[in-house]
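Per-entry structural report
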Amino acid sequence: MWRIFRLAIKFFKRELYNGELSLFMLSLVIATGSLSCIGFLIERIDGSMNHHANQLNGAQLVLKSSSEVPALWLEKAQQLKLKQAKMLVFPSMLVVNDEFKLAQIKAVSANFPLQGELQVKKQDSVQITKAPPEGEIWLDKRLVLFFKLSFNQQSASTKKQWVELGDAQFKAGGLLERVPGQSNSLFTIAPTALINLADLDKTATIQPGSRVDYIYFFSDNTSGDRQTLADYQQWLKAKLQTGQSLRTGVEDFKAVNASLKKAADYLSLAGVLTLLLSAIAIAISSHRYGQKQYKNNAIMLCLGFSEKNILFIETAKLMTLGLIGSFAGIVLGYLVYLVLLHVLGDALTRTESHFFLMPVLVSMISGVFLLLTISMANLVRIKKLSPMGLIRNELLSNTSISEVVNNKLFYLISAAGLIVISIWYSGNTQLTLTFYTVLLLSAVFFYFFAKLLLVQIIYYGRRFQLINRLSLLNLERHKQAVLLQVTSFSLIFSLIILIFLVRTELLDNWQKQFPEGTPNHFVINVQTYERVSFESYLEQHSIKTQGLYPMIRGRLTHINHLAVNQAVPKEARSHNALHRALNLSVSDSLAAGKKSPVQLPENTPISIEKSLAKALNISLEDSLTFRVGSQSIEGRVTQIRQVKWDSFQPNFYIIFSPGIIEKYPMTWIASFYLGQDDKHQLNQLMAQFPGITIIEVDEVLKEIQFIINKVSAAIEVIFIFIVIAGALILSASLSSTMASRMYENAIIRTLGASTKQLRRCLLVEFVVVALLSALIAVLLAEFSTYILYQQVFQMAYSLHPIVWGAMVCVSLIIICGLGMLLVNKIFTQSAHQSLIQQME
Amino acid sequence: MLYAQHLAKNIITPNARLDILRDVNFHLRAGETMAITGASGSGKSTLLSLLAGLDTPSSGQVKIAGYSLSELDEEARALLRQNKIGFVFQSFHLIPALNALDNVMLPLELKGQKNAQEQALDLLARVGLSQRSDHKPVELSGGEQQRVAIARAFAGHPEILFADEPTGNLDQLSGETIIKLLFELNQEQGTTLVLVTHDQLLAQACQRHFYLDQGVLNELSADDLTNSLGC
Ligand SMILES: Nc1ncnc2c1ncn2[C@@H]1O[C@H](COP(=O)(O)OP(=O)(O)OP(=O)(O)O)[C@@H](O)[C@H]1O
Ligand SMILES: [Mg+2]
């Protein structure tokens, strides 16, 4: 066996040296290179998105409690070697020079934040740091403006600025620019001040019975291992009591969540797509290699090698090729990725690690696996024939590529393997399966469609003499080869169109989602009698608002007169909506959405949000009973509404038609936009309307916008990369599929075909291939986009005529241009030379 | 009809210079038949491809039907090949994807002839392959492939036909059929024949007989022939 193995290595070396393997190797390197490069980028972006989510939370896992948690819980975390930080949040009065202001005090442990950036401005420079040192207090913009403090160079050196909090005095040490973990105290009523937890006792502000939120932050010690944290989370979850909640990622932020989910889906799609592109490249070249090797193997069989020996030699050779090729590809991909990181700079640099194992594994496994199975599909055929039969068929290796869809089993194995790898890689079964099903079904359909079209082209071309005779003959005789090219090119094109459309749609959506002036402050508890003066106040100060919405707090108690707990499905019993008061509103415009045809006068029509209706199994015509204060109101569902949670507008789960509900005590809610420099207006607003509560989401919004900008940039990069990979793979497959045709063209040339004639023939062929590919690609892409939008991305679909035109142009330019360039080689040499060369 | 003047071909390899042909000179009139014999590797196939304009010489020139090949551009050479020259390759070079009939039809189609199919079928019948017209080259034996290649060379009604060992793979009977065919063509249409062969009988049947020895071409007189045959 060792002898045979050495022989295999010898063959391999020689073939590599001769250049027989170079095209094969090249496509393998390109395929695995783009796969790994895009894989690295995807992992990186994924990490970056998590990082931003952690910025919002301040840690990977956050436990919020209304009282001190049992010491055991924290000891357990310590045992598991998790990093911990702690924050106490409570309202208290700050005093500066006899001016009083209610603030939300956050007392943080010294290692806060575990994740994310705490930015504080001191003496003109913004620093990224941990908790304030003992004796210092850091204040947000509103407080700084209110107390007329400043942190310039001079003022800091000339006079110390003191802030009193309870019994203690603090030095005003800095202006808070960015505090991680904002999401944990989103509903801040008052402006924020940050102190060190060690100073808390001195202030004596916390008395028994004070309202304090205890927030505990946990993170992994090592960046890679998520399991420990997940286990701990599971452990904690079982112990939670009322008033305690756990948070990871961005699950509570519907706006961020929806955006990030789309981004993550896009990345999964990009990954699967690159994998498929690479697979096409590897398949086409393996296929050609297998055919070529077939002849050599036939001869070796006659020389006395056993079948087993030959298969062993081939396997060893392919493994070596696969390993070397994918390794080279991965190294290349990694280098390109490093260059990209450098070029992109800030957009992607916010995670700890640069290197990821997943892309390496996927590139390696799919490279070697596809190479082996697809080459073998051609090689195992030698088992079926006698040596002489093989020699007789010797010339098969020069036959057009169409001859071969032969060993179905191996193709089946490679296809199944590809799908499994895709699912594993993307981690998104639904998306992957949807994608492949759609693609496969439509590819089969469009293959036959293309065949039909080709026959028509030839028929009408002949009938009306649109195409010259020779080109027609050429097309007719190579129908199969042309169809194979059309199939693979249109597949490549359609994948690129697909990713382009999804990318454009996503970026567009996001751009629209948070336009300039998106409300970043909410005001609640505006009393009905204050409403008019509140509105005119906003108008006077030219603060833009979308208007005030009435709001009533009420608990859902009955569905169809059954107590909710019995009425809803088992798994919905723990739904949040059943355990807290819902915000109900009134609107007379229950127009959009599904509407029930019947309106019963005795019940107020209700509109309910779609996901809530689904979770609680509520359908049209169901009656819902709410408890507001001590009274019950009943309504009948007449509308199920889709709410855009990824917009920062006041949204309500339940909206009543006007009539009954106004009789109950209601308050008003409004949202408006305030720039960073106008924050002082909040102080005045509070002074004017002391009863209102202001919710500042500007920090969160800023963070979300930041994430979206970064993710958009990343998505752009991925897209450009897929286009480049696609172009490379297209050219590799073009040259592979043309290779068998070159010999033929060299022969025809010796028969006296002029270069011009041959060129024209080939050009006609390329034009037909280009047009058909473009047409099929567009159909394929539109169809799969339609399905993906419906099933995965939940985006509205419309046709994209501009893309059609562009596709036709691009296809003509690439296929004709590249194709003519490729075949040019047979025209630049003497007829004899090119014949000899193409024979090999 | 066919002139060769100081024709030479050499190949520069990294290690050495390989002189395949040195100073080949001869003149062949229209309608003459010519045989080239020589040891394996003596340069016969190379000479043939130079004469037919499939390859370019290192020096010297070839004149064919009044045209000097070196003065023609590739376009004109192709036209010349299409209209005046037929060529049978030593290794046939049939197009694998096409069946026998399509292979034979190709030169006719290149010329744009109307009744290409009938002509091609007729030619296949003459080489004894009318039954195999829809078979691909892989499905044909070596000799059958050779006959298809000959039929293809005839198809263009060439004024001059080059054939590299046209009977090399054939049994006695088929070989004779092919030889008969070649000379019929010569008689009926005045086609000039240039044949490379190992077959002494075929060589003798030609009016002129050349011997290629390590790249040097010598014409054998009738005496040489009798000597070499030992009679
Ligand atoms: N492109 C080339 N590169 C290197 N050597 C070549 C090339 N073409 C021909 N030769 C060499 O030139 C010599 C003559 O080749 P050619 O094919 O003309 O021989 P031949 O007389 O036809 O032989 P045979 O009777 O075996 O067919 C051979 O030694 C061959 O190796
Ligand atoms: Mg030869």
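Residues numbered from 1 in each chain as written. Chains lettered and ligands numbered in written order. Predicted model: local features only at pLDDT ≥ 70, side-chain atom pairs only at ≥ 80, totals over all residues. Heavy atoms only, no water.

**Comments concerning unusual backbone geometry**
All names here are of chain A. Of note, the amide linkage connecting F112 to P113 takes the cis form, showing an omega dihedral of -5 degrees. Position of P113 among the secondary structure elements: in the loop between β3 (99-108) and β4 (118-122). Positioned with a positive phi, K148 is a non-glycine residue whose angle comes to about 55 degrees. The topology assignment puts K148 in the loop between α4 (141-147) and α5 (153-158). For K148, a relative accessible area of 66% puts it in the exposed group. Its identity is not glycine, yet N617 carries a phi of approximately 60 degrees, on the positive side. If you trace the backbone, N617 turns up in the loop between α18 (610-615) and β18 (623-628). The class for N617 is exposed, based on a relative accessible area of 53%. (Helix = DSSP H or I, 4+ residues; strand = E, 2+ residues; numbered from the N terminus. Buried < 20%, exposed > 50% of the residue type's maximum accessible area, 1.4 Å probe, protein only.)

**Topic: a nonpolar patch on the surface**
Residue and element names in this part refer to chain A. On the surface, a cluster of nonpolar side chains totalling about 480 Å² of accessible area is made up of F355, L357, L361, I365 and W424. Looking at the nonpolar patch element by element, the count peaks at three residues for helix α10 (residues 357-379). Classification of L361 by relative accessible area gives partly exposed; the value is 35%. (Patch = residues over 30% accessible without salt bridge, like charges linked within 9 Å, V, L, I, M, F, W, Y side chains within 5 Å. Areas by Shrake-Rupley, 256 points an atom, 1.4 Å probe, with all protein chains shown as cover. Salt bridge = Lys/Arg side-chain N within 4 Å of Asp/Glu carboxyl O.)

**Notes on the side chain of R81(B)**
In this structure, R81(B) sits in helix α2 (residues 74-84). Excluding residues within four positions of it along the chain, R81(B) makes contact with R749(A), T750(A), L751(A), G752(A), A831(A), A52(B), G53(B), L54(B) and E74(B). (Contact = heavy atoms within 4.5 Å.)

**Concerning the sheet that holds strand β2 (residues 17-28) of chain B**
Residues and elements named next belong to chain B. Here four strands make up an open sheet; going across it, the order is β2-β1-β4-β5 and the pairing antiparallel. Single-partner strands in this sheet number two, and they are β2 and β5 (67-68). Alignment of strand β4 (residues 59-64) against β5, held across two bridges, turns out to be antiparallel. Bridge pairing in β5 places I64 opposite Y67. (Pairing = 2+ DSSP bridges.)

**With respect to the coordination of the magnesium ion (ligand 2)**
Under perfect tetrahedral coordination by four donors, a metal shows angles of 109.5 degrees; under perfect octahedral coordination by six donors, it shows angles of 90 or 180 degrees. On the protein side, the magnesium ion (ligand 2) has S45(B) (OG) and Q90(B) (OE1) as donor atoms, found 1.9 to 2.3 Å from it. Separated by 45 residues along the polypeptide, S45(B) in helix α1 (residues 44-51) and Q90(B) in the loop between β6 (85-88) and α3 (100-111) bring together distant segments of the chain. (Donors = N, O, S within 2.8 Å, 3.2 Å for Na, K, Ca; no water.)

**Quick word on the sheet that holds strand β3 (residues 33-38) of chain B**
Residue and element names in this part refer to chain B. Taken in spatial order, the six strands make up an open sheet running β6-β7-β8-β3-β9-β10, and their pairing is mixed. Of all strands in the sheet, those with a lone pairing partner are β6 and β10 (216-219), marking the two edges. Here the average twist between neighbouring strands, direction ignored, is 15 degrees. In the sheet, strand β9 (residues 208-213) pairs with β10 via four bridges, with the strands oriented antiparallel. Bridged to Y211 within β10 is N218. (Axes fitted to C-alpha atoms, helices over the stretch in contact; angles between N-to-C directions.)

**Describing the site of ligand 1**
Residue and element names in this part refer to chain B. What surrounds ligand 1 is a group of 14 residues, the closest being S40, G41, K44, S45 and T46. Here an oxygen atom of ligand 1 and a side-chain polar atom of S45 are 2.7 Å apart. Starting from 640 Å² of accessible surface for ligand 1 in isolation, the protein chains cover 59%. Of all the secondary-structure elements, those providing two or more residues to the shell around ligand 1 are β2 and α1. Per-element tally for the shell around ligand 1: the top contributor is α1, with three residues. Among the residues forming the shell around ligand 1, the class breakdown is four nonpolar, eight polar and two charged. (Near = heavy atom within 4 Å. Polar contact = N/O pair within 3.5 Å; in protein donor to acceptor, adjacent residues only side chain to side chain. Nonpolar A, V, L, I, M, F, W, Y, C, P; charged D, E, K, R; others polar.)

**As for the packing of helix α4 (residues 116-126) of chain B against helix α5 (residues 142-155) of chain B**
Residues and elements named next belong to chain B. Packing of α4 against α5 leaves a shortest axis separation of 9 Å and a crossing angle of 135 degrees. Here α4 lies oblique to α5, going by the angle between them. Note on packing geometry: the crossing formed by α4 with α5 is right-handed. Across the interface between the two elements, Q119, L123 and L124 from α4 touch V148, A151, F154 and A155 from α5. By residue class, the composition of the contact of α4 with α5 is six nonpolar, one polar and no charged. (Parallel < 35°, antiparallel > 145°, perpendicular 65-115°, else oblique. Left-handed = near helix turned anticlockwise from the far one by under 90°.)

**Observations regarding the domain arrangement of chain A**
All names here are of chain A. In terms of domains, chain A is made up of domain 1 (1-47 + 258-422), domain 2 (83-219), domain 3 (428-517 + 697-840) and domain 4 (521-696). Across the contact, 46 residues belong to domain 1 and 53 residues belong to domain 3. Summed over both sides, the interface between domain 1 and domain 3 buries roughly 4,300 Å², with carbon and sulfur atoms accounting for 80% of that surface. By the criterion of area lost to domain 3, the three top residues of domain 1 are Y266, L269 and L277, representing 17% of everything that side buries. Counting every contact that joins domain 1 to domain 3 gives one residue pair in polar contact (both at pLDDT 80 or more). No other element matches the 22 residues that helix α8 (residues 254-302) contributes to the side of domain 1 that touches domain 3. (Domains from an automatic or database assignment. Buried area = accessible area lost by both parts, 1.4 Å probe.)

**Brief notes about the packing of aromatic side chains**
Summed over all chains, the structure comprises 21 aromatic pairs over all chains. When the centroid spacing of 5.1 Å and the interplanar angle of 70 degrees are considered together, the rings of F218(A) and Y232(A) count as edge-to-face. Of this pair, F218(A) sits in strand β10 (residues 213-219) while Y232(A) sits in helix α7 (residues 227-239), and the two are 14 residues apart along the sequence. There is no split in this pair, since F218(A) and Y232(A) are both buried. Grouped by ring-pair contacts, the aromatic residues F40(A), Y334(A) and Y337(A) constitute a single cluster. Residue placement shows R531(A) over the ring face of W668(A); its charged tip is 4.0 Å from the ring centre. For K63(B), the ring lying beneath its charged end belongs to Y3(B), and the centroid distance is 6.0 Å. (Phe/Tyr/Trp six-rings, centres within 6.5 Å; stacked < 30°, edge-to-face > 60°. Lys NZ or Arg CZ within 6 Å of the ring centre and 35° of its normal.)

**Quick notes on the environment of S542(A)**
Residue and element names in this part refer to chain A. Mapped onto the fold, S542 is located in the loop between α16 (531-540) and β13 (545-559). Residue S542 is classed as exposed on the basis of its relative accessible area of 65%. Distance in space between the C-alpha atoms of S542 and K262 is 35 Å, their sequence separation being 280 residues.

**Some thoughts on empty space enclosed by the protein**
Within the structure shown, the criterion is met by seven cavities of 30 Å³ or more. The space that makes up the second largest cavity amounts to roughly 160 Å³. Lining the second largest cavity are 15 residues, and of these L470(A), N474(A), I748(A), C761(A) and L106(B) sit closest to its centre. Looking at the lining of the second largest cavity, the elements with two or more residues in it are α14 (469-477), α20 (698-750) and α21 (755-793) of chain A together with α3 of chain B. At four residues, the largest contribution of residues to the lining of the second largest cavity is made by α14(A). Residue composition of the lining of the second largest cavity, by class: nine nonpolar, four polar and two charged. (1 Å grid on protein atoms, 1.4 Å probe; cavity = no way out; pocket = protein on both sides within 12 Å on 5 of 7 lines; lining within 4 Å. Points joined across faces, edges and corners; volume = space filled by probe spheres on them.)

**Details of the interface of chain B and chain A**
Interface size is often expressed as the accessible area that is lost when the parts come together. Contacts between chain B and chain A engage 31 residues on the former and 31 residues on the latter. Area buried by chain B at its contact with chain A is led by H93(B), L110(B) and V138(B), which between them contribute 22% of it. For the interface between chain B and chain A, the tally reads two salt bridges. Here D102(B) makes a salt bridge to R477(A), at a shortest N to O gap of 3.0 Å. Summed over the shared surface of chain B and chain A, the number is ten residue pairs in polar contact (both at pLDDT 80 or more).

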